Amino acid sequence: MTRLALLVLLASGPALAQTGDATLQPSTDALRADRAVAMHLAATAALAHTRTGTFPASAFDLLGRSWSADTGVRDVALSSLDVTASADGVQIDYVPLPAPYVREDDVVRVTLRPEADGSYRGTFQVQRRADADDGGRALPFDVAGRYRVERASGTFHIEADRLGALVAEGRFSTEAGALSREPLTMRVTPLGETEPVFWEVVEAAP
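Residue numbers run consecutively from 1 along every chain, following the written order of its sequence. With the structure being a predicted model, the display of local features is reserved for residues of pLDDT at least 70 and the display and counting of side-chain atom pairs for 80 or more, all residues being used for whole-chain, interface and lining totals. As a convention, hydrogens and water are excluded, and side-chain values are obtained from all of the structure's heavy atoms.

### Focus: the overall build of the protein
Consideration 1: Helices and strands together make up the secondary structure of the protein, namely four helices and 11 strands.
Consideration 2: Classification of residues uses two cut-offs on accessible area relative to the type maximum, computed with a 1.4 Å probe and protein chains only: under 20% is buried, over 50% is exposed, and between them is partly exposed. Burial status across the protein gives 45% buried among its 206 residues.
Consideration 3: In the structure as shown, the protein presents an accessible area of about 10300 Å², 52% of it carried by carbon and sulfur atoms. Numbered from the N terminus, helices here are DSSP runs of H or I no shorter than four residues, and strands are runs of E no shorter than two. Note on areas: these come from Shrake-Rupley sampling with a 1.4 Å probe, and a residue is covered only by the protein chains present in the view.

Written out as structure tokens, the structure reads:
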């Protein structure tokens, strides 16, 4: 059974928070949503790589070809997207379209690299920034009660055979356990802290 591990770090110190603290639920929900968007874009790039042997080199290459229709990634609401391919992977930078619109933007960077076994390893990092007219300063990912989450990041794994099978069956999904049998992990790192002080493990479907 694949497990999704959520690690949320406390900005104020090393004390261990209670698992399931209700004040953190909006933060964990936001992290799951961000992870799903990051994996959606990354899985589309991985599908392109499995079919052509190269990663998409532009936003058009990612969104304007057959693999984007197969994953439905065109329906992801973004206000900006930049895709850069290299010899060993692809980097995707994007800003989600806020709903409802707010002045703060989540700037997200996703990287994806192929493994020797044909699978893919990816990372994502979410950094919230104030509007450029307000100085563009870094903002916390979320503030909930006594918790202040400065920055969110995570890792994920995509198995090419599972991805291909889901697409062929019309069942593409970024839910935990859909694209890989390995655990999916997400971490958030507060400014000045290095160790996790809160964590939650959520069992995914087998």
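The structure having been displayed, the exposition proceeds.
### Considerations on the layout of surface pockets
Consideration 1: The calculated volume of the largest pocket comes to roughly 460 Å³.
Consideration 2: Both cavities and pockets are sets of points on a 1 Å grid over the protein atoms alone; in a cavity a 1.4 Å probe fits but cannot get out, in a pocket the set is open with protein on both sides within 12 Å along at least five of seven lines, and lining residues sit with an atom within 4 Å of a point. Taken together, 20 residues form the lining of the largest pocket, with Asp34, Pro96, Pro98, Ala99 and Asp106 sitting closest to its centre.
Consideration 3: Contributions of two or more residues to the lining of the largest pocket are made by helix H1 (25–52) and strand E4 (105–114).
Consideration 4: For the lining of the largest pocket, a count of residues per class yields 13 nonpolar, no polar and seven charged. Grid points are joined across faces, edges and corners, and a volume is the space filled by probe spheres set on the points. Residue polarity is assigned by list, with Asp, Glu, Lys and Arg as charged and Ala, Val, Leu, Ile, Met, Phe, Trp, Tyr, Cys and Pro as nonpolar; anything else, Gly included, falls into the polar class.

### Section: H1
Turn by turn, an α-helix covers 3.6 residues, leaving residues three or four places apart pointing in a common direction.
Consideration 1: One fewer than the residue count of a helix, multiplied by 1.5 Å, yields its expected span. Relative to the 40 Å expected for 28 residues at 1.5 Å per residue, H1 spans 41 Å between its end C-alpha atoms, a close match to the ideal helical length.
Consideration 2: Gly53 occupies a position one or two residues after H1 and carries a positive phi of about 85°.

### As for the pattern of salt bridges
Consideration 1: By definition, a salt bridge exists where a carboxyl oxygen of Asp or Glu is found within 4 Å of a side-chain nitrogen of Lys or Arg. Evaluated as defined, the whole model comprises 10 salt bridges.
Consideration 2: The salt bridge involving Asp61 is made with Arg65; its shortest N-O contact spans 3.1 Å.
Consideration 3: Assessed through its relative accessible area of 19%, Asp61 is described here as buried.
Consideration 4: Overall, the relative accessible area of 36% leaves Arg65 in the partly exposed class.
Consideration 5: Across the pair Glu115 and Arg121 runs a salt bridge whose closest N-O atoms are separated by 3.6 Å.
Consideration 6: Looking at Glu115, the relative accessible area reads 34%, which means it is partly exposed.

### Some remarks on the side chain of His157
Consideration 1: Positionally, His157 belongs in strand E9 (residues 151–158).
Consideration 2: We call two N or O atoms a polar contact when they sit within 3.5 Å, provided that within protein one can donate a hydrogen and the other can accept it, with sequence-adjacent residues counted only if both atoms are side-chain atoms. Polar contacts involving the side chain of His157 include one to the side chain of Ser119, which spans 3.1 Å.
Consideration 3: At a separation of 2.7 Å, a polar atom in the side chain of His157 contacts the side chain of Ser180.

### Comments concerning the packing of aromatic side chains
Consideration 1: Stacked, edge-to-face and tilted labels apply to pairs of Phe, Tyr and Trp rings (six-membered ring for Trp) whose centres lie within 6.5 Å, assigned for plane angles under 30 degrees, over 60, and everything in between, in that order. By the definition in use, this model includes one aromatic pair.
Consideration 2: Consider the rings of Phe55 and Tyr120, whose centres lie 6.1 Å apart with planes at 75°: the pair is edge-to-face. With Phe55 in the loop between H1 and helix H2 (59–63) and Tyr120 in strand E5 (residues 120–129), this pair connects stretches of sequence that are 65 residues apart.
Consideration 3: Overall, Phe55 belongs to the buried group, its relative accessible area being 9%.
Consideration 4: Looking at Tyr120, the relative accessible area reads 3%, which means it is buried.

### Comments concerning the nonpolar core
Consideration 1: The definition of a nonpolar core used throughout is a set of buried Ala, Val, Leu, Ile, Met, Phe, Trp, Tyr and Cys residues joined through side-chain atoms within 4.5 Å. Core analysis: the largest hydrophobic core is formed by 37 residues, its most contacted members being Ile92, Val110, Leu112, Phe156, Ile158, Leu163 and Leu179.
Consideration 2: Counting only elements with at least two residues in this core, the list comes to H1, strand E3 (89–96), E4, E5, E9 and helix H4 (160–168).
Consideration 3: Tallying contributions element by element places H1 first for this core, with 10 residues.
Consideration 4: Any two residues whose heavy atoms approach within 4.5 Å at even a single point are treated as in contact. With residues up to four places along the chain from it excluded, the contact list for Leu179 reads Met39, Ala43, His157, Ile158, Glu159, Arg162, Leu163, Leu166, Phe172 and Ser173.

### Quick word on the environment of Ala138
Consideration 1: Locating Ala138 in the fold gives a position in strand E6 (residues 138–139).
Consideration 2: Linking Ala138 and Arg128, residues 10 residues apart in sequence, is a C-alpha distance of 6.0 Å.
Consideration 3: Those residues in contact with Ala138 that sit more than four places away from it in its chain are Gln127, Arg128 and Arg129.

### Points about the confidence of the model for the protein
Consideration 1: Per-residue confidence from the predictor is reported as pLDDT, which spans 0 to 100. For the protein, per-residue confidence averages 81 on the pLDDT scale, and 80% of positions sit at 70 or higher.
Consideration 2: Mean pLDDT in the protein bottoms out at strand E1 (residues 3–8), which sits at 42, and peaks at H2, which reaches 97.
Consideration 3: In this model, residues 1–20 is a region of pLDDT below 50 whose contacts with residues beyond four sequence positions or in other chains number 78 contacts.

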